[in-house]
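Structural description and commentary
Listed below are the residues making up each chain.
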Amino acid sequence: MSIGEAPLGPVVRGTTRGLLPGPDYEHFCESIADVYVGVRPERPAGGAFAADFALYALDDLAVGIIATPGVSAHRDRGSLARVADDGLFVNYSPRSWALRQHRREHRVAGGSAVVLDNARPFSVVVDPRRRLDLLSLRVPRGMLAPKTVSLLPDLDDRLAASRSGALLGAQMGLLSRALRSGVTAAARSMASAAVELLDAIAADDPDAPPPARVDSYRAYARSRLGDPALDVGAVARAFARTPRTIQSAFAGEGQTFSAWLRDERLDRARELLSAPSNAARSVAWVARTSGFRDVGTFHRAYRARFGSTPGADR
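First, a word on what this report is: a plain description of the structure on this page. Since we're looking at a predicted model, the values are computed, not measured.

Basis of the calculations
Residues numbered from 1 in each chain as written. Predicted model: local features only at pLDDT ≥ 70, side-chain atom pairs only at ≥ 80, totals over all residues. Heavy atoms only, no water. Core = buried A, V, L, I, M, F, W, Y, C linked by side-chain atoms within 4.5 Å. Buried < 20%, exposed > 50% of the residue type's maximum accessible area, 1.4 Å probe, protein only. Helix = DSSP H or I, 4+ residues; strand = E, 2+ residues; numbered from the N terminus. Contact = heavy atoms within 4.5 Å. Phe/Tyr/Trp six-rings, centres within 6.5 Å; stacked < 30°, edge-to-face > 60°. Lys NZ or Arg CZ within 6 Å of the ring centre and 35° of its normal. Lys, Arg positive; Asp, Glu negative; His and termini not counted. Salt bridge = Lys/Arg side-chain N within 4 Å of Asp/Glu carboxyl O. Axes fitted to C-alpha atoms, helices over the stretch in contact; angles between N-to-C directions. Parallel < 35°, antiparallel > 145°, perpendicular 65-115°, else oblique. Nonpolar A, V, L, I, M, F, W, Y, C, P; charged D, E, K, R; others polar.

1. Concerning the nonpolar core
In globular proteins that are soluble, nonpolar side chains generally tend to be buried together. The biggest cluster of nonpolar side chains holds 53 residues, and the ones touching the most others in it are Val63, Val90, Leu137, Leu168, Met172 and Phe257. The biggest single contributor to this core is helix 6 (residues 187-203), with 9 residues. Setting aside residues up to four positions removed in sequence, Met172 forms contacts with Val90, Tyr92, Ala113, Leu135, Leu137 and Ala194.

2. Considerations on the packing of aromatic side chains
Given two aromatic rings, one states the distance between the centres and the angle between the planes to describe the pair. By the definition in use, this model includes 12 aromatic pairs. Aromatic side chains Tyr217 and Phe239 sit 5.1 Å apart centroid to centroid with 80° between the ring planes, which places their arrangement in the edge-to-face category. Taken together, the residues Tyr217 in helix 7 (residues 210-222) and Phe239 in the loop between helix 8 (232-238) and helix 9 (243-251) connect sequence positions 22 residues apart. With respect to class, Tyr217 is no different from Phe239; both count as buried. A ring pair is formed by Phe292 and Phe298, whose centres lie 5.1 Å apart and whose planes are at 55°; its orientation type is tilted. Residue classification places Phe298 among the buried positions, given a relative accessible area of 0%. Sitting over the ring of Phe306, Arg270 keeps its end group 4.2 Å from the ring centre. The ring of Trp285 has Arg281 sitting right over it, with the charged end atom 4.3 Å from the ring centre.

3. Let's talk about the side chain of Asp156
Counting through the fold element by element, Asp156 comes out in helix 4 (residues 152-161). For the buried Asp156, which has no salt bridge, the nearest side chain bearing the opposite charge is Arg104, at an N-O separation of 7.8 Å. Excluding residues within four positions of it along the chain, Asp156 makes contact with Leu99, His106, Val114 and Val115.

4. Some words on the pattern of salt bridges
Per the stated rule, a full pass over the model turns up 20 salt bridges. For Asp157, the salt bridge goes to Arg104, with nearest N and O atoms at 2.5 Å. Taken together, the residues span a long stretch of sequence, with Asp157 in helix 4 and Arg104 in strand 9 (residues 104-108) at a distance of 53 residues. Among the ionic pairs, Asp263 bridges to Arg305, the shortest N-O distance being 3.4 Å. With Asp263 in helix 10 (residues 257-274) and Arg305 in helix 12 (residues 295-306), the pair connects residues that are 42 residues apart, well separated along the chain. For Asp263, a relative accessible area of 22% corresponds to the partly exposed category. A relative accessible area of 36% places Arg305 in the partly exposed class. One network of salt bridges, with partners in common, ties together Arg262, Asp263, Asp267 and Arg305.

5. Some remarks on the packing of helix 4 against helix 6
For the pair helix 4 and helix 6, interaxial distance at closest approach is 10 Å and the crossing angle is 95°. On the basis of the axis angle, helix 4 is roughly perpendicular to helix 6. Contacts between helix 4 and helix 6 involve Leu155, Arg158 and Leu159 from the former and Leu198, Ile201 and Ala202 from the latter. Residue composition of the contact of helix 4 with helix 6, grouped by class: 5 nonpolar, no polar and 1 charged.

As structure tokens, this is what we get:
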């Protein structure tokens, strides 16, 4: 296991492979405890507990990526009494699994996102014949909007039934691929966008006032800033609305979608330029990662917004 300071904060990586049966299981539980507070998998009946893990700190958020044998995990009332925690987990796995919480069982399809309340008892149920490959975004309860917290018992039903829930699953998949591939520069923004999208899903109501719908559009667009094909039409298709509907929602707040998107991309670019981990990256890479097709266009827009050049802000 290695511990070091990375641009995202402390990162812990480790494996139990090569350890003796018994100590391997205990080592895994102890190593992930700071993120998976109070959560323990079932102890295997026999044999080795071959597991890999990586834990990332992203400001007030944390991400755990674990790959374990196909054993279920639980948090019962005894665990809640011993180790209190008010965090929530936005969980994502490419494989199907099940969550039992709030007196319901949610069958979670591979590639979907589901929210787990770590302040309530739960069981994670997996196929014992397959390994569990899971990414968990740990979110302090206080970071979420009050409405999101109030909807927790019903939130997973909403995620499973809505187009916006599929968008959250896609966003979590992007975060998983970025971290697993070592492309960590934009991971903080990706994780924050997932939290914003979760709040937007909770707030999204056909009868809600326009600002709630605009928040949903913004959260989706922020999760796709690096895609140069993102435009008002793409947002409209994602929400099964017309481009005029999206434009009208932004106009109600005194702005256009295209101007808002340009400024968001420029803010992302400035953040990437200032990150020490990107010192060796070219300005062209920053432009592409922020969603700009053309470096010249990026330079002109950057100077117009910030009064300096991208190179000067490194």
